[in-house]
Amino acid sequence: AEDGYDLWLRYRPLATNDAAALQRDAQSVERRDDTPTLRVAVDEVRRGLAGLSGRASADGTSAHPVVLATGADRDVAALRLPLATLGDEGYLVRSTTFGGRRVTLVTANTDRGVLYGSFAMLRYLQTGGSLASIDLTSTPRVKLRVLNHWDNLDGVVERGYAGQSLWDWWTLPDFRDPRYTDYARANASIGINGTVLNNVNAKAESLTPRYIAKAAALADVFRPYGIKVYLSARFSAPIELGGLKTADPLDPQVAAWWKAKADEIYRAIPDFGGFLVKANSEGQPGPRDYHRSHADGANMLAAAVAPHGGIVMWRAFVYADTDPEDRAKQAYTEFKPLDGKFADNVIVQVKNGAIDFQPREPFHPLFGAMPKTPLMIEFQITKEYLGFATHLAYLGPLFAETLASETMQKPGETVANVVDGVAEGHTLTGMAGVANIGRDRDWAGSTFNQANWYAFGRMAWDPTLAAAPVAREWAAMTFAPTPAIVDPVVGMMMGSREAVVDYMTPLGLAHLMATGHHYGPGPWVADLKRSEWNPVYYHRADKTGIGFDRTKTGSDAVAQYAPALARRLADPATTPERELLWFHHLPWDRRLASGRTVWAEMVHDYDAGVDYVSTMRRQWALLQFSIDAERWTKTATYLAVQEREARWWRDASVAYWMSVNHLPLPPGVAPPA
Ligand code: GCW
């Protein structure tokens, strides 16, 4: 059955002519060396070619075999291919003459590169390419392309909407569920090369010998696929596990404890990637508990893993309820002065925006503001604030919008240039995505959520990719490479995130979700103990106006951006309307570019969001006989849920705003039926 388990690696037979060509030309696959990675690459290519050509197997003989070989191979070396620029992970796939035969050569400097090239070749075929003219080459622009699993040791996934954790901690390390291998295949196919196994809200227990052994078993499964394992570290572990009285990073006993712990982990996992740390945020322990800086904390851990080549990913997502400063400013205030103070093997992990994974946020002001420090970007793939698993929201446009944002710190500098290291010449670069993966048959809770995992991987490989071509690839691989399917599916996807923005948080509003779980509207909530968790903290609506004044007359968060950008954002007239109420508190009757007032524009956006979902439902209905029943029906059902809930969002929000502004519905808007 088409239950979505195969993700975008379905390998169903291509249309007749293409399948026939593959049967003729590509029925044998050879590898010129024997490494675990080349073995899994050959298996994947055989599986893919057999599936796409409609043959039972692809290990017969053929005139044009596919050859997998690294540049170390003598025959490959003789071809003098431009491998020098490919680095450790780039690849080259080319139709060429090799040892007297016409072959499709998949090559690279390393076997990992060959694996990525193999997946690239399959993707090319799955999206309608033909081997006769194949000529592909690509090198990742970002070094660490990492999933962050917020998986707890009891199997519950924080903000996970696709079932229990994939990791069965009870049966590890002995039982290596074949699903772990499929997880690795899916990740390798999109270039993901690291995975943090446990939640950033970490338990010290994950660093005990028994959990290290479990992590080591997973690392063994992932290794051939080029994927390294990382762990989230709880900063107070020396107290909880080591019996020390303190976790002060400058205490020699504490440093020694971490060093011994790192040595222990590396004995079990020689290529362990390192630690991810959430410190002094939302109740987590950290160096600030001892009046030390985040750099002191990060550097102490970095010293423990440095002898083994490990790194520390230190999160900048910090804010404190005791701090009266605008929450959007606190991370910058804390981290900007630490620029240049971090050890070489530390990378600071910064969320895409300054609050918290909202449907839309302006890019985080730290990007471009810490030139001496490698910064990695963190996106949320799981849709905590965008309708969980049920709402269809393709996040490619969200990722791309942030990455393409100009920091204005230097001419032409974008967030992508900071992330890929080009801006400052950093070589330690990275992109993290909070995984949306669980034990559901379809991994991600819905077919369309798989696209967000896919897009994250593709954009981590190349943060300059646009959202639409990535969606096209995914749709072709996930359904079929025919325009009759790809065009309408991509059409639905491309506006879907904007629709969520429209029906949840139009015009730059944010954090209006019902509290705790973050599902459904709650703009009226005002009674939480932590004031900065209350939606009213963010929208500040009253009888006269709405929005958060982040200019000089307010929190002055705009001053955290480069001067030229700060000037632009200080004036509502030059602030992009999509971020208007993020930066400004404006009267309800202020006129916008459309000629409508702020109030009328908001209502207009709510309606547009609902209408978009209705349109997606109609478009999907037309695809009923082009898509298998199981995936079609589940998606159709979810779209119906989304339409109902988009109305709920609109109607509840509009009613609440009316209770605050006492304005009538704008002219021409009919009250809800
Ligand atoms: O978005 C918030 C979530 C928390 C999460 C936190 C973080 C892991 O509501 O569940 O905790 O962000 O990113 O640390």
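Residues numbered from 1 in each chain as written. Predicted model: local features only at pLDDT ≥ 70, side-chain atom pairs only at ≥ 80, totals over all residues.

We now examine the overall build of the chain. Counting secondary structure elements, the chain contains 21 helices and 15 strands. For 673 residues, the compact-globule estimate of 2.2 N^0.38 gives 26 Å, and the chain sits close to it at 26 Å. Expressed along its principal axes, the backbone C-alpha trace of the chain runs to roughly 80 × 65 × 50 Å. Across the 673 residues of the chain, 55% fall into the buried class. (Helix = DSSP H or I, 4+ residues; strand = E, 2+ residues; numbered from the N terminus. Rg over C-alpha atoms; globule rule 2.2 N^0.38 Å. Buried ≥ 20, exposed ≤ 12 C-beta atoms within 10 Å, placed from the backbone.)

A few words now on the site of the ligand. Neighbouring residues of the ligand: Trp150, Glu158, Arg159, Val200, Asn201, Lys278, Glu282, Phe317, Asp356, Phe357 and Glu384. A class-by-class count of the residues in the shell around the ligand yields 4 nonpolar, 1 polar and 6 charged. (Near = placed C-beta within 6 Å. Nonpolar A, V, L, I, M, F, W, Y, C, P; charged D, E, K, R; others polar.)

On to the packing of helix α1 (residues 16–25) against helix α2 (residues 36–53). When two helices pack together, their arrangement is given by the angle between the helix axes and by the axis-to-axis distance. Orientation of α1 relative to α2, taken along the N-to-C sense of each, is 135°, at an axis distance of 8 Å. Relative to α2, the element α1 is oriented oblique. Contact with α1, carried on its side by Ala19, Leu22 and Gln23, involves Leu49, Leu52 and Ser53 of α2 and no other residues of that element. A per-class count over the contact of α1 with α2 returns 4 nonpolar, 2 polar and no charged. (Axes fitted to C-alpha atoms, helices over the stretch in contact; angles between N-to-C directions. Parallel < 35°, antiparallel > 145°, perpendicular 65-115°, else oblique. Contact = placed C-beta atoms within 7 Å.)

Strand order in the closed barrel made by the 8 strands is β6-β7-β8-β9-β10-β11-β12-β13, with parallel pairing throughout. Adjacent strand axes in the sheet meet at a mean angle of 25° when their direction is disregarded. Pairing of strand β9 (residues 274–277) with strand β10 (residues 311–315) involves 4 bridges; the strand directions are parallel. If you follow leucine 276 over to β10, its bridge partner there is methionine 313. (Pairing = 2+ DSSP bridges.)

The first and last C-alpha atoms of helix α15 (residues 483–494) sit 15 Å apart over 12 residues, in line with the 16 Å expected at 1.5 Å per residue. Turning to α15, its buried residues are Val486, Val489, Val490, Met492 and Met493. All buried residues of α15 fall inside an arc of 155° around its axis, so they share one side. In α15, those exposed residues whose orientation departs by more than 90 degrees from the buried face are Pro483 and Ala484. Turning to α15, the residues buried within the fold contact α13 (447–461), α14 (467–478), α16 (496–504) and α20 (598–622). (Expected span 1.5 Å × (residues − 1). Arc of directions from axis to C-beta.)

Turning to the nonpolar core, a few remarks are in order. Side chains that are nonpolar tend, in soluble globular proteins, to be buried together. Counting 215 residues, the largest nonpolar core has Leu301, Val312 and Leu366 as the members making the most contacts within it. Examining the composition of this core, we find that 11 residues originate from one element, α20, more than from any other. Sequence-distant contacts of leucine 366, defined by excluding residues within four places in its chain, comprise Ala316, Ala331, Tyr332, Phe335, Lys336, Val350 and Leu375. (Core = buried A, V, L, I, M, F, W, Y, C linked by C-beta atoms within 7 Å.)

As for its position among the elements, alanine 56 is in the loop between α2 and β2 (66–70). Of the residues examined, alanine 56 has 8 C-beta atoms within 10 Å and is grouped as exposed. Alanine 56 sits 392 residues away from phenylalanine 448 along the chain, and the two C-alpha atoms are 29 Å apart.

Only a minority of non-glycine residues have a phi that is not negative, and only a minority of peptide bonds are not trans. That bond from leucine 172 to proline 173 is cis: its omega, 0°, falls within 30 degrees of zero. Mapping proline 173 onto the fold places it in the loop between β6 (144–148) and α5 (178–189). The phi torsion at histidine 518 lies on the positive side, around 70°, for a residue other than glycine. Histidine 518 sits in the partly exposed class, given 19 other C-beta atoms within 10 Å.

Attention now moves to the environment of leucine 338. Tracing the sequence through the fold places leucine 338 in the loop between α10 (327–335) and β11 (346–351). Judged by the 19 C-beta atoms lying within 10 Å of it, leucine 338 falls in the partly exposed class. In this structure, the C-alpha to C-alpha distance between leucine 338 and alanine 303, residues 35 residues apart in sequence, is 17 Å. When residues no more than four places from it in sequence are discounted, the contact partners of leucine 338 are Ser293, His294 and Ala295.

As far as domains go, the chain holds domain 1 (16–138), domain 2 (144–463) and domain 3 (500–548 + 585–661). Of note, the centres of domain 1 and domain 3, computed from C-alpha atoms alone, are 47 Å apart. (Domains from an automatic or database assignment.)

Another point: helix α6 (residues 209–222). Between the first and last C-alpha of α6 there are 20 Å, a value that for 14 residues agrees with the 20 Å anticipated at 1.5 Å per step. Lining the buried residues of α6 we find α5, β7 (194–196), β8 (228–232) and α8 (252–268).

Extensive coverage of β8 is indicated by the burial of 5 of its 5 residues. Along β8, one buried face is formed by Lys228, Tyr230 and Ser232 and the opposite face, lined by Val229 and Leu231, is buried too. Handedness of the crossover joining β7 and β8 through α6: right-handed. Sheet topology places β8 next to β9; 3 bridges connect them, and they run parallel. Looking at β9, one finds that serine 232 is bridged to leucine 276. (Right-handed = clockwise from strand over helix to strand, strands pointing away.)

Next up on the list: the sheet that holds strand β3 (residues 91–98). Reading across the sheet, the 5 strands line up as β1-β2-β4-β3-β5 and stay open at both edges, with mixed pairing between neighbours. Looking along the sheet, the strands with just one partner apiece sit at the ends: β1 (29–31) and β5 (135–138). Averaged over neighbouring strand pairs, the angle between their axes works out to 25° when direction is ignored. Of the strand pairs in this sheet, β2 and strand β4 (residues 101–108) are connected by 5 bridges, and their pairing is parallel. Counterpart to alanine 69 in the pairing with β4 is threonine 107. Across the face of the sheet, α2 comes into contact with β1 and β2 while running at roughly 175° to β1.

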